[in-house]
Amino acid sequence: MNHGQFTTKEKEIQPQKQKPDIGKILFTVMMWCLSSIMLVGALIYLFSETSIACVPMALFAVCALPSKSVQDFLKSKGLSAYGKAVILVVLFLVSLWLVPTK
């Protein structure tokens, strides 16, 4: 008689609880925020100032999207995580350089 103990069959059926990876969740939230900010900036400079700075901002927003389809596309083109980080930094700096100042 099993008093409160599980049989092997019952153990297999119960799902295992996994702790969420906080670092991965924070990284995903950060990438969505960066992507959104750069996309809004690109739209502002496209429609109000009509500046060339909107192009690298839009490219940054697309490359930073943490969506599965975008990440799969970038991997299929041979872009590693290190390469993606370098491209994002370069696009950000080019965007800052191209933003018109008055």
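Coordinates for the structure precede this section.
In this report, the structure presented in the accompanying data block is examined. (Residues numbered from 1 in each chain as written. Predicted model: local features only at pLDDT ≥ 70, side-chain atom pairs only at ≥ 80, totals over all residues. Heavy atoms only, no water.)

**Let's talk about the pattern of salt bridges**
Going through the model one piece at a time under the given rule, you end up with 1 salt bridge. The salt bridge partner of Asp-72 is Lys-68, with a shortest N-O separation of 3.7 Å. Of this pair, Asp-72 and Lys-68 both sit in helix α4 (residues 68–76), 4 residues apart, roughly one helical turn. When its relative accessible area of 62% is taken as the criterion, Lys-68 is described as exposed. (Salt bridge = Lys/Arg side-chain N within 4 Å of Asp/Glu carboxyl O. Helix = DSSP H or I, 4+ residues; strand = E, 2+ residues; numbered from the N terminus. Buried < 20%, exposed > 50% of the residue type's maximum accessible area, 1.4 Å probe, protein only.)

**With respect to the packing of helix α2 (residues 22–49) against helix α3 (residues 54–64)**
Contact geometry of α2 with α3 gives a least axis separation of 8 Å together with a crossing angle of 155°. In terms of orientation, α2 lies roughly antiparallel with respect to α3. Crossing handedness for the pair α2 and α3: left-handed. Residues Met-31, Leu-34, Ser-35, Met-38, Leu-39, Gly-41, Ala-42, Tyr-45 and Leu-46 of α2 pack against Cys-54, Met-57, Ala-58, Phe-60, Ala-61 and Ala-64 of α3. (Axes fitted to C-alpha atoms, helices over the stretch in contact; angles between N-to-C directions. Parallel < 35°, antiparallel > 145°, perpendicular 65-115°, else oblique. Left-handed = near helix turned anticlockwise from the far one by under 90°. Contact = heavy atoms within 4.5 Å.)

**A few points about the environment of Phe-27**
Positionally, Phe-27 belongs in helix α2. Each C-alpha atom of the pair Phe-27 and Pro-66 lies 9.0 Å from the other, and the pair is 39 residues apart in sequence.

**Concerning the environment of Ala-64**
Within the element layout of this structure, Ala-64 appears in helix α3. Judged by its relative accessible area of 0%, Ala-64 falls in the buried class. Taking the C-alpha atoms as reference, Ala-64 lies 9.2 Å from Ser-36; in sequence the two are 28 residues apart.

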